[in-house]
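# Notes for the structure review
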Amino acid sequence: MYRDTSSFNTYNYGDALYWDARYVQEGGSFDWYQRYSALRPFVRNYVSTSSRVLMVGCGNAVMSEDMVKDGYEDITNIDISSVAIEMMRRKYEYVRQLKYMQMDVRDMSFFPDESFDSVIDKGTLDSLMCGTDAPISAAQMLGEVSRLLKPGGTYMLITYGDPTARMPHLSRPVYNWKTVLYIIPRPGFEKDEGCSSARKSFLEPVPTTEKGLLPPSFVLEDPDSHFIYVCKKMDETELSKLPTYPLMTDVL
């Protein structure tokens, strides 16, 4: 739920041994950033219950269980930690809608191209961005996510990273993604009574600049907000309608 960095060695974030040790020590269950109840409106809007869903970096979270209770029929969960996967396999042994596999999100070659309708990521890209070789790891992961998505499918990223930190990675043309941004406050946040906001609802997309960034005048009600990037993989029809621009001298 809350982002806890107090006891982490950030350079271990992409290391299976680090996560194995953590899950052995902690046990139980833990959901990063937000629970499904808060994310449900976004998930239900972009992911149909009949979709084939891939939950990357599932850890020991109960989000997939909550989605099954909400009618989702096919969720494959992967994590780099064999400890977490074995724990979750035992826990959900008789839940046919859930499958658990030990796998590094940077290499998901086990799955054929265009295997999933939706990929959901709650903190996994963040963990790689905190580790060693962050740009390389992020590119490997996002390349795999794009490869596995069917045309028209969605990658839903729930992160603490604002657009200046995440859009340079998400906006690479090779992914063919069209991105919509939402911003929601952290759990337990209480709005200042004296604060006035032009935003009607956190369920509304946030207007962004041409580069996908927040306008200079935009003010976060909660400075520790979470960002939801919904990246739709465009199909051939949508790609054919994209305008083309001549290369400018500053990028040559």
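Heads up: the structure comes first, above all this text.
The structure reproduced in this document is the subject of the present report.

Each value, and the rule that gives it
- Residues numbered from 1 in each chain as written.
- Predicted model: local features only at pLDDT ≥ 70, side-chain atom pairs only at ≥ 80, totals over all residues.
- Heavy atoms only, no water.
- Helix = DSSP H or I, 4+ residues; strand = E, 2+ residues; numbered from the N terminus.
- Buried < 20%, exposed > 50% of the residue type's maximum accessible area, 1.4 Å probe, protein only.
- Areas by Shrake-Rupley, 256 points an atom, 1.4 Å probe, with all protein chains shown as cover.
- Phe/Tyr/Trp six-rings, centres within 6.5 Å; stacked < 30°, edge-to-face > 60°.
- Lys NZ or Arg CZ within 6 Å of the ring centre and 35° of its normal.
- Pairing = 2+ DSSP bridges.
- Expected span 1.5 Å × (residues − 1).

### What about the overall build of the chain?
Check the secondary structure of the chain and you find 8 helices and 7 strands. With 252 residues in all, the chain has 44% of them scored as buried. As displayed, the chain has an accessible area near 13,300 Å², and 52% of this comes from carbon and sulfur atoms.

### A word on the packing of aromatic side chains
As enumerated under the stated definition, the model contains 8 aromatic pairs in all. Residues Tyr92 and Tyr100 carry aromatic rings whose centres are separated by 5.9 Å and whose planes lie at 10 degrees to one another, so their mutual orientation is stacked. For Tyr100, a relative accessible area of 7% puts it in the buried group. By way of ring pairs, the aromatic residues Phe42, Tyr46 and Tyr182 are connected into one cluster. Positioned above the aromatic ring of Tyr160 is the side chain of Arg166, whose terminal nitrogen or guanidinium carbon lies 5.6 Å from the ring centre.

### Here we look at the pairing of strand β4 (residues 116-122)
Burial analysis of β4 places 6 of its 7 residues in the buried class, which makes it a mostly covered element. Pairing of strand β1 (residues 52-56) with β4 involves 4 bridges; the strand directions are parallel. Bridge pairing in β4 places Met55 opposite Ile120. Pairing of β4 with strand β5 (residues 149-159) involves 6 bridges; the strand directions are parallel. Counterpart to Ser118 in the pairing with β5 is Thr154.

### Re helix α6 (residues 134-148)
Helix length check: α6 (15 residues) gives 21 Å between terminal C-alpha atoms against 21 Å at 1.5 Å per residue, within 8%. All of the buried residues in α6 are Ala134, Ser137, Ala138, Met141, Leu142, Glu144, Val145, Ser146 and Leu148.

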